[in-house]
Amino acid sequence: MSTTFRPILGSSCARATSAVEMRYRIDRPIRGRRGARIIALDAGADAIVTRISRNPWGHAHFLTLAGPVADVSGLGSDSVALRDTAGAPSSLLAELDDADVVIMVATTGSDAAAATIVGAACTVRAIMTAGLVIGERATVNATVAAIRPHARVLMVSGDEQDVMDVLSALRA
Amino acid sequence: MLRAEINELLTKTDPGTPMGELFRQYWIPALLAEELRENDCPPVRVKLLGERMVAIRDSDGRYGLIDEFCAHRGASLWFGRNEGSGLRCPYHGWKYDVTGQAVEIPSEPEHSNFCAHVKLTSYPLVKIGDVLWTFMGDPAKQPPLPEFEFALVPPERTYTSKRWQECNWLQAFEGGIDSSHVSWLHSGGLKSDPLFKGTKGNEYNMGDLKPYFEVADAEGGLFVGARRNAEEDTYYWRITPWVMPCFTMVPPRGDHPVHGHFWIPIDDENCWAYSFDYHPVRALTAEEVQAMKDGHGVHSENIPGTYRPAANKDNDYLIDRAAQKRGDTYSGVKGIAIQDSSLQESMGPIVDRTKEMLVSADSGIIKARQKLKKAVEALRDKGTTPPGVDPAHHHVRSAAVVLPRDASFVEACREDLSVREGVRQSSV
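Reference entry: report on the structure contained in this document. As the structure is a prediction and not an experimental result, all values here were calculated from the model.

Quick word on the overall build of chain B
Looking only at helices and strands, one finds 13 helices and 19 strands in chain B. Taking 22 Å as the expected radius of gyration for a compact globule of 428 residues, we find that chain B reaches 22 Å, a close match to that expectation. With respect to the principal axes defined by its C-alpha atoms, chain B has extents near 85 × 45 × 45 Å. Here chain B holds 428 residues, and the buried ones make up 52% of them. Nonlocal contacts in chain B, meaning residues at least 24 apart in sequence, comprise 61% of its contacts between residues at least 6 apart.

Right, here's the structure in full:
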């Protein structure tokens, strides 16, 4: 016959949720995100991403499109050329190699083809995608519609600060 | 992850704190009307936003919320005699009306004017629906009364309960806008709870465990949309409104009543979870009301005579590992409300958000914190009235709808997300 043991210590019984016991939560950094990629999809987003990249971040890479991606048909991930905010060239394939989340930042006139290719490349690699569209709702409707199919999470906001807050919350 | 100072800013609500001042801009639930059942009934101790008070209903049916302690020697007026249109301290007979004004001080001469000079702090207490609401801010800035639909429909269409939750209000509230936990923690309830089960929406819910999320600003707060695959060319959207600071509604299921919550700070380590169910166009059935009283849906089975859940931290929420193994419940804890409270309380009285590791699916929570922070700072620095004070912001509904895949829920559901008198909720 098995014996059921009843917990008796403060940390192993119902009292474990008290403020006193919660002080004993292990206080060491938890290993986590190491590969946030933030990609601007238009000129307005370029400016936002460049400004935000000047803050101290962890392992995040801040990127903009090196040129327009005119047409999706027949093109693969290698058709999206990127550059970092210092101007150094990169590629979508290289950036996705060790990415664990891709955040597409957009305002108006975003490159829908780029969003499609980035989204599809992330889906294939099981990388989480998020879309942050900055601007008044009425002015960004077309951008939202273009990004919606490719972003597992989509936030529309009139406030650029949202990008900072999301990245901070995600430990980018 | 949230910086420690922001966590403190958003979680502390005592008098003089920035978030405490924000809460004091709103009418908030103070207690249930059933707690003051009749004129001259016993007073009820109430603690809200770190202030201790007593609630009374006088001989004339007037409600009042006044400082708990007698101005004379500081005895608790909970021991008072509620009679003759006032509450009398049994220690030396000082008597107060519902506004806290002293009306009799027996030790003073018969026509002394001392009495007129003595007034306890008091707050208005108003019955709307099943709830007694109070406004604890500057009387000069008292806004119009709240206009939430659940409180304004005829009494036979609405039911409200409350339960003590032993943690800070913010971590309880954040559960209310966190759509992604439903398919996990509450998955058992979708199959069996009488107030949830048997809808097409549940099939969509369980058929797609990786929803996409969309967060959109609203005048009074946010709309958080979660979309799942429905049919070949459609998505199933569940849309949760949040009205600042702490009102949320759960997207409906079929023709079941619609439910939602308020999370009201008692102090920094405790809050009241007010849970309501209502139907916009029909009376609740006897079976539905009984299910709510029995603790189904968003309600809880409380210890008789109290608002403490029968399953609580002192008994490990009556966790049933066998039921968990059988799949009756996902966590082993019974009931939607206690499934939530057990995990939210397990985080500690005030969760240390510097240690959390959010993911992008938590964007609703991230955005809500940002809106709260901005509102707190705008009020503190510029005196700006926060969103959600204007009763027009209260006229929202949740919705659960099937939309074409290319539709924006914000555009397509504008009417569904608004109160429309005589029109049922939008739900599948």
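There's more to say after this.
Some thoughts on the overall build of chain A
For chain A, the count of helices and strands is six helices and seven strands. Counting from the amino terminus, helix and strand elements in chain A follow one another as α-β-α-β-β-β-α-β-α-β-α-β-α. For chain A, the spread of C-alpha atoms along the principal axes amounts to about 70 × 35 × 30 Å. Within chain A, the fraction of its 172 residues that count as buried is 41%. The contacts of chain A with a sequence gap of at least 6 include a subset with a gap of at least 24, amounting to 65%.

Let's talk about the interface of chain B and chain A
The partner chain A presents 27 residues to the 30 residues of chain B that form the contact. Elements represented by at least two residues in the side of chain B that touches chain A include exactly strand 13 (212-217), helix 11 (336-346) and helix 12 (363-382) of chain B. A per-element tally of the side of chain B that touches chain A places strand 13 of chain B first, with six residues. Sheet topology places strand 7 (residues 153-157) of chain A next to strand 13 of chain B; four bridges connect them, and they run parallel. By the bridge assignment for strand 13 of chain B, Met155 of chain A is matched with Val215 of chain B.

A word on the packing of helix 1 (residues 4-11) of chain B against helix 12 of chain B
Residues and elements named next belong to chain B. Put simply, helix 1 and helix 12 touch, their axes get as near as 10 Å, and they point 75° apart. By the angle between their axes, helix 1 is roughly perpendicular relative to helix 12. On helix 12, the residues touching Ile6, Leu9 and Leu10 of helix 1 are Arg369, Leu372, Lys373 and Val376.

A closer look at the sheet that holds strand 1 (residues 27-32) of chain B
Residues and elements named next belong to chain B. If you walk across this open sheet you meet the three strands as 1-11-10, and the pairing is antiparallel. Each edge of the sheet is formed by a strand with only one pairing partner; in this case those strands are strand 1 and strand 10 (125-128). Strand-to-strand twist across the sheet, computed as the mean angle between neighbouring axes with direction ignored, equals 40°. Bridge count for strand 10 against strand 11 (residues 131-135) is four bridges, and the pairing is antiparallel. Its bridge partner lying in strand 11, Val126 is registered against Trp133.

Here's the deal with the packing of helix 6 (residues 161-169) of chain A against helix 12 of chain B
Where helix 6 of chain A meets helix 12 of chain B, the axes come as close as 10 Å, and the angle between the chain directions of the two elements is 125°. As judged from the angle between their axes, helix 6 of chain A and helix 12 of chain B are oblique. Both helix 6 of chain A and helix 12 of chain B take part in a crossing whose hand is right-handed. Of the residues in helix 12 of chain B, those in contact with Gln161, Asp162, Asp165, Val166 and Ala169 of chain A of helix 6 of chain A are Ser363, Ile366, Lys367 and Gln370 of chain B. Partitioning the contact of helix 6 of chain A with helix 12 of chain B into residue classes produces three nonpolar, three polar and three charged.

Focus on the sheet that holds strand 7 (residues 95-96) of chain B
Residue and element names in this part refer to chain B. Taken in spatial order, the four strands of this open sheet run 5-6-7-8, and their pairing is antiparallel. Of all strands in the sheet, those with a lone pairing partner are strand 5 (81-82) and strand 8 (102-104), marking the two edges. Pairing between strand 6 (residues 87-88) and strand 7: two bridges, direction antiparallel. Paired with Arg88 across the two strands is Lys95, which belongs to strand 7.

A closer look at the pairing of strand 4 (residues 63-67) of chain B
Residue and element names in this part refer to chain B. Along strand 4, four of the five residues are buried, which leaves the element largely enclosed by surrounding structure. Relative to strand 4, strand 3 (residues 51-57) runs antiparallel, the two being bridged by five bridges. In the strand pairing of strand 4, Val54 is matched with Ile66. Between strand 3 and strand 4, which pair antiparallel in sequence order, lie five residues; one of them, Gly61, sits at a positive phi of approximately 80°. Relative to strand 9 (residues 122-123), strand 4 is paired through two bridges, and the arrangement is antiparallel. Residue pairing for strand 9: Ile66 is matched across the bridge by Ser122.

Looking at the nonpolar core
Judged by nonpolar contacts, the single largest core of 157 residues is most densely connected at Met104, Val105 and Val118 of chain A together with Ala55 of chain B. Ranked by residue count, the leading element in this core is helix 4 (residues 112-124) of chain A, at seven residues. Setting aside residues no more than four positions away along its own chain, Met104 of chain A makes contact with Ile39, Leu41, Ala115, Val118, Thr129, Gly131, Ile147 and Ala151 of chain A.

Conventions and cut-offs
Residues numbered from 1 in each chain as written. Chains lettered and ligands numbered in written order. Predicted model: local features only at pLDDT ≥ 70, side-chain atom pairs only at ≥ 80, totals over all residues. Helix = DSSP H or I, 4+ residues; strand = E, 2+ residues; numbered from the N terminus. Rg over C-alpha atoms; globule rule 2.2 N^0.38 Å. Buried ≥ 20, exposed ≤ 12 C-beta atoms within 10 Å, placed from the backbone. Contact = placed C-beta atoms within 7 Å. Pairing = 2+ DSSP bridges. Axes fitted to C-alpha atoms, helices over the stretch in contact; angles between N-to-C directions. Parallel < 35°, antiparallel > 145°, perpendicular 65-115°, else oblique. Left-handed = near helix turned anticlockwise from the far one by under 90°. Nonpolar A, V, L, I, M, F, W, Y, C, P; charged D, E, K, R; others polar. Core = buried A, V, L, I, M, F, W, Y, C linked by C-beta atoms within 7 Å.

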